[in-house]
Amino acid sequence: MKNNKKINWFKEARFGMFVHWGLYSIPARGEWVMHIEQIPKEEYAQLAKQFNPKRFNADKWVRLAISAGMKYIVLTTRHHDGFCLFDSKVSNFTSVKTAAKKDFVAEYVAACRKYKIKIGFYYSLMDWSHPEYQNSMEKNSPVSPQFIAYFQTQVKELCTNYGKIDVLWFDGEWDHSVKQWQSEKLVKMIHKLQPTALINDRLGTESRGTLGDFGTPEQYIPTAFPESSAPSRSWESCMTMNDNWGYSAGDKNWKSTRQLIMNLVRCVSGDGNFLLNVGPKPDGTIPPPSVSRLKEIGAWMKINKESIYGCGKTSFGGGMVGLTTAKNNKAYLHIFRWSGKEICLAWVKNKIKSAYLLANNKKISVSQKNDRLFIKGLPPKAPNDIDTVLVLKLDRRKNG
Ligand code: GLC
């Protein structure tokens, strides 16, 4: 399928959930613990004997994502530590062959299908537990053909054993070039097995921002309007809610719900997606601070989703009060800084036919002088303290 067609759902979706879950949730110091603390692979492998999540409930994860307004999920089927949450013929280091005796990927996929949310698989190319990969790290040499065959077999398993997959999200590519990873072969195989699946851009040293179906800025949002340095290709910012992807018991540096909603809007205002992460605990539950934030985002989305799904850039920005998104003949002014009564936006080339608040349909009067737009008679108190959305009906499509 042509890329511009197959990516349509992704651009419509705008908001997804990233899930980082694996053995590293047990030491609870983030997903890099094995490498950062230089834990030998034999010692790290012992964690698999303890990894037996009693409260894992894929339905609950999916329902939480849906309640937040998310339209797709990307789960770490295997992170850099090499431990697989799926059944693999070429590895014993999997949740199926150790204590849990479960194919978590299968359960996750089943829940996503049940609730009709799009399915993404994260898969790390690097594998700290594989002797061949370790070898290449120690000698600073290219990965061996055996290792390539190994991971390509696993990707093939992921592409054949779970039905239709919507996103393949690679990572851990940065030590080798596209050629060394033989990523072109990998992509060909995916196109054959999963013709509609989207593939991200982490396929080799030089691939970020160029290869794949979409770019993956990590922990930042490319600047949107008016500087407009946002990439012209499709992109998705992935971001943690605190400072870690994997569960980190001591990390209390949570972003506020306000910050997260602003980030979502900022992505959409620059034509991008927002992939917001959760790091479930070893028992399979999502940490309460993440749950409460997702519920609060969901409450905002319930009222304001129209200003997010399928929306993108406008030809004018949100001035001093916030940001703008748009779809067809409507622009949405996201007012983060409510100053009451009156607002002015400049550089508005469109004729604004009418305006109303998304929260309560209250009509708001607008007038224009040259390309300045005056919005008057706003209530003194913001209907939504985080982001009140004002709908501006345009005379023609957004980029006029
Ligand atoms: C990084 C990290 C990783 C995380 C990922 C998410 O490359 O190595 O731990 O999974 O980015 O984007």
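Everything numeric here is computed off the predicted structure, so don't read it as measured data.

## Examining the packing of helix 9 (residues 145-160) against helix 11 (residues 183-193)
Where helix 9 contacts helix 11, the two axes come as close as 10 Å, and the packing angle between them is 15°. It follows from the interaxial angle that helix 9 and helix 11 lie roughly parallel. Here the hand of the crossing between helix 9 and helix 11 comes out right-handed. Packed against helix 9, whose contacting residues are Phe151, Gln152, Val155, Lys156, Cys159 and Thr160, the element helix 11 presents Lys185, Leu186, Met189, Ile190 and Leu193 at the interface. Partitioned by chemical class, the residues of the contact of helix 9 with helix 11 number seven nonpolar, two polar and two charged.

## What about the environment of lysine 114?
When you line up the elements, lysine 114 lands in helix 7 (residues 104-115). On the basis of relative accessible area, lysine 114 is assigned to the exposed category, the value being 51%. Note: C-alpha distance between lysine 114 and aspartate 59 (55 residues apart in sequence) is 8.4 Å.

## Some remarks on the side chain of asparagine 304
Mapped onto the elements of the fold, asparagine 304 is located in helix 13 (residues 288-304). In this structure, asparagine 304 is in contact with Leu358, Asp387 and Val389, ignoring residues within four places of it in sequence.

## Quick look at helix 11
The periodicity of an α-helix, 3.6 residues per turn, causes residues three or four places apart in sequence to face the same way. Every buried residue belonging to helix 11 is among Ser183, Leu186, Val187, Met189 and Ile190, and all of these are buried. Viewed along the axis of helix 11, the buried residues span an arc of 160°, placing them on a single side of the element. With respect to the buried face of helix 11, the exposed residues turned more than 90 degrees away are Glu184, Lys185, Lys188 and Lys192. Buried residues along helix 11 sit in contact with helix 9, strand 4 (167-171), helix 10 (178-181) and strand 5 (198-199).

## Concerning the domain arrangement of the protein
For the protein, the assigned domains read domain 1 (5-307) and domain 2 (322-394). Between domain 1 and domain 2, the contact holds 14 residues from the first and 17 residues from the second. Together domain 1 and domain 2 conceal approximately 1,400 Å² of surface at their shared face, both sides included; 60% is due to carbon and sulfur atoms. For the pair domain 1 and domain 2, the interface holds three salt bridges. We note a salt bridge from lysine 327 to glutamate 12, for which the minimum N-O separation is 3.6 Å. Across the contact surface, domain 1 and domain 2 share five residue pairs in polar contact (both at pLDDT 80 or more). Mapped onto the side of domain 1 that touches domain 2, the elements with two or more residues apiece are helix 12 (257-269) and helix 13. When residues of the side of domain 1 that touches domain 2 are assigned to their parent elements, the largest contribution, eight residues, is made by helix 12. Across the side of domain 1 that touches domain 2, the residue classes break down as six nonpolar, four polar and four charged.

## Overview of the site of the ligand
In the region of the ligand, 14 residues are neighbours, and His20, Glu31, His79, His80 and Glu218 sit closest. Tryptophan 32 is positioned with one of its side-chain polar atoms (N or O) 2.9 Å from an oxygen atom of the ligand. Between the ligand and histidine 79, the relevant distance is 2.8 Å, taken from an oxygen atom to a side-chain nitrogen or oxygen of the residue. For the ligand, whose unbound accessible area comes to 310 Å², protein coverage reaches 95%. Its residues assigned to classes, the shell around the ligand shows seven nonpolar, three polar and four charged.

So, how was this worked out
Residues numbered from 1 in each chain as written. Predicted model: local features only at pLDDT ≥ 70, side-chain atom pairs only at ≥ 80, totals over all residues. Heavy atoms only, no water. Axes fitted to C-alpha atoms, helices over the stretch in contact; angles between N-to-C directions. Helix = DSSP H or I, 4+ residues; strand = E, 2+ residues; numbered from the N terminus. Parallel < 35°, antiparallel > 145°, perpendicular 65-115°, else oblique. Left-handed = near helix turned anticlockwise from the far one by under 90°. Contact = heavy atoms within 4.5 Å. Nonpolar A, V, L, I, M, F, W, Y, C, P; charged D, E, K, R; others polar. Buried < 20%, exposed > 50% of the residue type's maximum accessible area, 1.4 Å probe, protein only. Arc of directions from axis to C-beta. Domains from an automatic or database assignment. Buried area = accessible area lost by both parts, 1.4 Å probe. Salt bridge = Lys/Arg side-chain N within 4 Å of Asp/Glu carboxyl O. Polar contact = N/O pair within 3.5 Å; in protein donor to acceptor, adjacent residues only side chain to side chain. Near = heavy atom within 4 Å. Areas by Shrake-Rupley, 256 points an atom, 1.4 Å probe, with all protein chains shown as cover.

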